[in-house]
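Listed below, chain by chain, are the residues.
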Amino acid sequence: NEHFNTLPDSEKQVYSAPEEYPIPTPHAKPTFVSQLKIQMLRYCLVWKRNFISKQIDSMIIVGTAALISAMAGKAEVTVDSEIDVSYYSLVSNNPNALIPELPQIFRYALLPDEDMQKFALRFGLVLVVLIGLTASKDITDKQTEFFREAASGYDVNAYFLAV
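Residues numbered from 1 in each chain as written. Predicted model: local features only at pLDDT ≥ 70, side-chain atom pairs only at ≥ 80, totals over all residues. Heavy atoms only, no water.

Caption draft 1: Region of the structure containing the side chain of Gln 35. Structurally, Gln 35 can be placed in helix α3 (residues 32–49). Judged by its relative accessible area of 8%, Gln 35 falls in the buried class. Beyond its immediate sequence surroundings of up to four residues, Gln 35 is in contact with Pro 30, Tyr 154, Asp 155 and Ala 158. (Helix = DSSP H or I, 4+ residues; strand = E, 2+ residues; numbered from the N terminus. Buried < 20%, exposed > 50% of the residue type's maximum accessible area, 1.4 Å probe, protein only. Contact = heavy atoms within 4.5 Å.)

Caption draft 2: Focus on a nonpolar patch on the surface. On the surface, Trp 47, Phe 51, Ile 52, Ile 56 and Ile 60 cluster together into a nonpolar patch covering about 490 Å² of accessible area. Counting residues per element, the nonpolar patch draws most heavily on helix α4 (residues 51–72), which supplies four residues. A relative accessible area of 55% means that Ile 52 is categorised as exposed. (Patch = residues over 30% accessible without salt bridge, like charges linked within 9 Å, V, L, I, M, F, W, Y side chains within 5 Å. Areas by Shrake-Rupley, 256 points an atom, 1.4 Å probe, with all protein chains shown as cover. Salt bridge = Lys/Arg side-chain N within 4 Å of Asp/Glu carboxyl O.)

Caption draft 3: Empty space enclosed by the protein, seen in detail. The tally for this structure, following the rule as stated, stands at one cavity of 30 Å³ or more. Taken as a whole, the largest cavity holds about 50 Å³ of empty space. At the level of elements, α3 and α9 (156–162) are the ones that each hand at least two residues to the lining of the largest cavity. Broken down by element, the residue count for the lining of the largest cavity peaks at four residues, all from α3. Partitioned by chemical class, the residues of the lining of the largest cavity number five nonpolar, one polar and three charged. (1 Å grid on protein atoms, 1.4 Å probe; cavity = no way out; pocket = protein on both sides within 12 Å on 5 of 7 lines; lining within 4 Å. Points joined across faces, edges and corners; volume = space filled by probe spheres on them. Nonpolar A, V, L, I, M, F, W, Y, C, P; charged D, E, K, R; others polar.)

Caption draft 4: Focus on the packing of aromatic side chains. Following the criterion strictly, the structure yields five aromatic pairs and no others. Grouped by ring-pair contacts, the aromatic residues Phe 146, Phe 147 and Tyr 159 constitute a single cluster. Over the aromatic face of Phe 4 sits the side chain of Lys 12, whose NZ or CZ is 5.4 Å from the ring centroid. (Phe/Tyr/Trp six-rings, centres within 6.5 Å; stacked < 30°, edge-to-face > 60°. Lys NZ or Arg CZ within 6 Å of the ring centre and 35° of its normal.)

Right, dumping it as structure tokens:
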């Protein structure tokens, strides 16, 4: 404090506060829909550049789906089978007499159902893994972009919907 008091007025000017200026007006953030539109347009520009690699990724997924379908073979929707149900259980007045015979009656439709479930499970599992890998590649490539968007205060949900 003593040093400051001993300085001449011309040097004290260096330490004085700057002139007052008005506070900047707050910047209004765009709405979610307009942010989504901007992100979609930006992503479309990038998509045009990366069209070939996206097409290759899509062909891998479609080719894998076709390969799984070809390996599964021809689907049998029904199985021709003779039913061994007594005539009296079919025409009796007692509705409970027919209940034990129902699996025998509908066996033609129950047997292929198990194969269809296995196919759907195998098909779904492989495609989910492939699509997840493709999506994770896109997201990790754009990690720095995401941090920039998140730091700017914009809605990151619009960014993820666009990507």
